[in-house]
Amino acid sequence: MNADHELLKNLDRLHTTELGIKRIKRNLSLDTDNVVDWCKTEINSANAVIIRNGKNWYVNVDNCIITINAYSYTIITAHKEN
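These figures come from a predicted structure and were not determined experimentally.

Draft legend 1. Here's a closer look at the nonpolar core. Ranked by internal contacts, the top residues of the largest apolar core, which has 22 residues, are Leu7, Leu14, Ile43, Val59, Ile66, Ile68 and Ile75. Secondary structure elements with two or more residues in this core: α2 (18-28), α3 (35-43), β2 (56-61), β3 (64-69) and β4 (75-80). Top contributing element to this core by residue count: α3, with four residues. If we ignore the near neighbours within four places in the chain, the residues touching valine 59 are Leu7, Ile43, Ala48, Val49, Ile50, Cys64, Ile65, Ile66 and Ile68.

What follows is the structure, encoded as structure tokens:
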């Protein structure tokens, strides 16, 4: 199984904490209250590049990088690409 398919197959397990929501909204200047759904949409888009490095998934899409714990599927953070 291709590694990126593992993340895509488990999109329904994605979640984050209250602090994670605040951090992601601040870092990406998001105007949505449903950060998890926004991340799911971005991760599932055709131009998303998904890489697993150690314990985390890194999704590079639309000039931002979303970091997800590979075991718990917790969205840790997201930030604009430099």
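Draft legend 2. Looking closely at the pairing of β4. One ladder, built from five bridges, connects β3 with β4; its direction is antiparallel. Its bridge partner being in β4, isoleucine 68 is matched across the sheet by isoleucine 75. Hairpin connection of β3 to β4: five residues between the antiparallel strands, including tyrosine 73 at a positive phi of 60 degrees.

Draft legend 3. Structural detail: the environment of leucine 7. Within the secondary structure, leucine 7 sits in helix α1 (residues 3-9). Along the primary structure leucine 7 and isoleucine 66 are separated by 59 residues, whereas in three dimensions their C-alpha atoms are 12 Å apart. Those residues in contact with leucine 7, other than ones at most four positions away along the chain, are Ile43, Ile50, Trp57, Val59, Ile68 and Tyr73.

Draft legend 4. Layout of unusual backbone geometry. Backbone geometry places aspartate 62, a non-glycine residue, at a positive phi of 50 degrees. Along the chain, the position of aspartate 62 falls in the loop between β2 and β3. Residue aspartate 62 is classed as partly exposed on the basis of its relative accessible area of 47%. Notably, tyrosine 73 is not glycine yet its phi reads approximately 60 degrees, a positive angle. Position of tyrosine 73 relative to the elements: it lies in the loop between β3 and β4.

Draft legend 5. Here's a closer look at the packing of aromatic side chains. On inspection of all chains with the given rule, the structure shows zero aromatic pairs. Sitting above the plane of the tryptophan 57 ring, arginine 52 keeps its charged end 5.6 Å from the centroid. Here the guanidinium or amino end of arginine 52 rests over the ring plane of tyrosine 71, the centre of that ring lying 5.2 Å away.

Conventions we followed
Residues numbered from 1 in each chain as written. Predicted model: local features only at pLDDT ≥ 70, side-chain atom pairs only at ≥ 80, totals over all residues. Heavy atoms only, no water. Core = buried A, V, L, I, M, F, W, Y, C linked by side-chain atoms within 4.5 Å. Buried < 20%, exposed > 50% of the residue type's maximum accessible area, 1.4 Å probe, protein only. Helix = DSSP H or I, 4+ residues; strand = E, 2+ residues; numbered from the N terminus. Contact = heavy atoms within 4.5 Å. Pairing = 2+ DSSP bridges. Phe/Tyr/Trp six-rings, centres within 6.5 Å; stacked < 30°, edge-to-face > 60°. Lys NZ or Arg CZ within 6 Å of the ring centre and 35° of its normal.

By themselves, these observations are geometric and do not establish any function.
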